[in-house]
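Single-letter residue listing:
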Amino acid sequence: MTHEENAPASGTPSERPAKVRIHHLARAKEEGRKFTMLTAYDALMAEVFDAAGIDTLLVGDSAANNMMGHATTLPITVDEMLVFSRSVAAGAQRALVVCDLPFGSYEESVEQAVRTGVRFMKEGGAHAVKIEGGAYYADHVRALVNAGVPVIAHIGFTPQSEHALGGYRVQGRGDAATALIDDARALEAAGAFCVLMEMVPAEVAAEVDAALDVPTIGIGAGSATTGQVLVWQDMLGLRRGRLPRFVKQYADLRSVVHDAATAYREDVVSGAFPAQGQSF
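Source: prediction; values computed, not measured.

### Some remarks on the overall build of the chain
- A tally of regular secondary structure across the chain gives twelve helices and eight strands.
- For 280 residues, the compact-globule estimate of 2.2 N^0.38 gives 19 Å, and the chain sits close to it at 20 Å.
- When its C-alpha atoms are laid out on the principal axes, the chain stretches across 65 × 50 × 35 Å.
- Each of the 280 residues in the chain was classed as buried or not, and the buried ones make up 49%.
- Restricting the contact set of the chain to residue pairs at least 6 apart, pairs at least 24 apart contribute 57%.
- Of the accessible surface of the chain, which amounts to about 13300 Å², a share of 55% is contributed by carbon and sulfur atoms.
- Taken as two groups, the 24 positive and 34 negative side-chain charges of the chain have centres that lie 2 Å from each other.

Printed below as a string of structure tokens:
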């Protein structure tokens, strides 16, 4: 067995595999270890997160909100997502790159889902895709996996169904917890190598994780999941306004960038920039 096959997904730099593969995430679940995921939409941020040891990079359809200024994830197209996917794949050397199948690109049929998933592998450089929805999409997941497209299933709050769900609301409370576990089991049986849960009560997410052999990823789903994911603009404090309860900010980049841009403007207006050192 090679060093790469032996190495854990997370750990000290000397322990990390040269390339994160699906089996590294599976081993994390088996061995009770955690792994990390952040969103990424461009090569430079992908390179930064990759160098920091982030195990998986999600090219989220949240690019619609965070990069394109839309109010929801719904407007983004496959062609637009492919640009972001290629960019992240170009910047990531070690991390596993996962791309969202955007709204309208898989719901119509199993065949549509496979066509879209194959495009993200062939044209987008993705290593896997993520699909939103419960047991209803088990056949879609199975067909994708059979076509050679690894799949992360996304249950709980699914942003593409925001209007059907009545807005941003916690899912899986009360009797709905059983249905959530059933969805997760059906998607695992269909071949999903991981199940992501969003905005699910921590105790329910723990039950789902315990019911599955494959690893789980949480966002607003407590600490029992194998992995955790955050949107990088939330995590690094670039977004303004009210943040979701599940976000922890590790920096205030908005203030840093604002102050730097203000200083640049003042230097240009005053004539301090460019100085002799910045001239030929």
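From this point, the discussion proceeds with the structure in view.
### Concerning the packing of aromatic side chains
- Across all of its chains, the model carries five aromatic pairs by this definition.
- Where Tyr-136 meets Tyr-137, the ring centres are 5.0 Å apart and the plane angle is 90 degrees; that geometry is what we call edge-to-face.
- On the basis of relative accessible area, Tyr-136 is assigned to the exposed category, the value being 62%.
- When its relative accessible area of 15% is taken as the criterion, Tyr-137 is described as buried.
- By the ring-pair criterion, three or more aromatic residues cluster together here, those being Tyr-106, Tyr-136 and Tyr-137.

### Description of the sheet that holds strand S8 (residues 227–230)
- Reading around the barrel, the eight strands line up as S1-S2-S3-S4-S5-S6-S7-S8 and close back on themselves, with parallel pairing between neighbours. Across this sheet, the average inter-strand angle for adjacent strands is 25 degrees, counted without regard to direction.
- Bridging between strand S5 (residues 151–156) and strand S6 (residues 194–198) involves five bridges; their strand directions are parallel. Pairing of Gly-156 across the sheet is with Glu-198, part of S6.
- Along the sheet, helix H9 (residues 176–189) makes contact with S5 and S6, crossing S5 at roughly 170 degrees.

### Structural notes on the pairing of strand S7 (residues 216–219)
- Side chains of S7 alternate between two faces, with Thr-216 and Gly-218 and Ile-217 and Ile-219 buried alike.
- With four bridges joining them, S6 and S7 adopt parallel strand pairing. Its bridge partner lying in S7, Leu-196 is registered against Ile-217.
- Since S6 and S7 lie parallel, the crossover through helix H10 (residues 202–211) that links them has a hand, and here it is right-handed.

### A look at the environment of Leu-212
- Its place among the elements puts Leu-212 in the loop between H10 and S7.
- Leu-212 sits in the buried class, given a relative accessible area of 4%.
- Discounting chain neighbours no more than four positions away, the residues touching Leu-212 are Lys-29, Ala-184, Arg-185, Glu-188 and Val-195.

### Thoughts on the packing of helix H6 (residues 110–122) against helix H7 (residues 138–146)
- Where H6 meets H7, the axes come as close as 9 Å, and the angle between the chain directions of the two elements is 45 degrees. What the angle tells us is that H6 and H7 run oblique. Crossing geometry of H6 relative to H7 is assigned as right-handed. Between H6 and H7, the residues in contact are Val-110, Ala-113, Val-114 and Gly-117 and Asp-139, His-140, Ala-143 and Leu-144, respectively.

### Overview of the UniProt feature "binding site: 3-methyl-2-oxobutanoate" (unreviewed entry) in the chain
- Mapped onto the present numbering, the UniProt feature "binding site: 3-methyl-2-oxobutanoate" (unreviewed entry) falls at Asp-61, Ser-62, Asp-100 and Lys-130. Spatially, the listed residues are clustered: although they cover 70 residues, their C-alpha atoms lie within 12.5 Å of one another.
- Mapping Asp-61 onto the fold places it in the loop between strand S2 (56–59) and helix H4 (63–66).
- Excluding anything up to four places from it in sequence, Asp-61 contacts Thr-73, Ile-76, Met-81, Asp-100, Pro-102, Glu-132 and Gln-160.
- Structurally, the position occupied by Lys-130 is in strand S4 (residues 128–132).
- For Lys-130, the contacting residues outside a window of four places in its chain are Leu-58, Val-98, Cys-99, Asp-100, Leu-101, Ile-152, His-154 and Leu-196.

The rules behind each value
- Residues numbered from 1 in each chain as written.
- Predicted model: local features only at pLDDT ≥ 70, side-chain atom pairs only at ≥ 80, totals over all residues.
- Heavy atoms only, no water.
- Helix = DSSP H or I, 4+ residues; strand = E, 2+ residues; numbered from the N terminus.
- Rg over C-alpha atoms; globule rule 2.2 N^0.38 Å.
- Buried < 20%, exposed > 50% of the residue type's maximum accessible area, 1.4 Å probe, protein only.
- Contact = heavy atoms within 4.5 Å.
- Areas by Shrake-Rupley, 256 points an atom, 1.4 Å probe, with all protein chains shown as cover.
- Lys, Arg positive; Asp, Glu negative; His and termini not counted.
- Charge placed at Lys NZ, Arg CZ, Asp CG, Glu CD.
- Phe/Tyr/Trp six-rings, centres within 6.5 Å; stacked < 30°, edge-to-face > 60°.
- Pairing = 2+ DSSP bridges.
- Axes fitted to C-alpha atoms, helices over the stretch in contact; angles between N-to-C directions.
- Right-handed = clockwise from strand over helix to strand, strands pointing away.
- Parallel < 35°, antiparallel > 145°, perpendicular 65-115°, else oblique.
- Left-handed = near helix turned anticlockwise from the far one by under 90°.
- UniProt positions renumbered as here; feature names shortened; annotations may be inferred.

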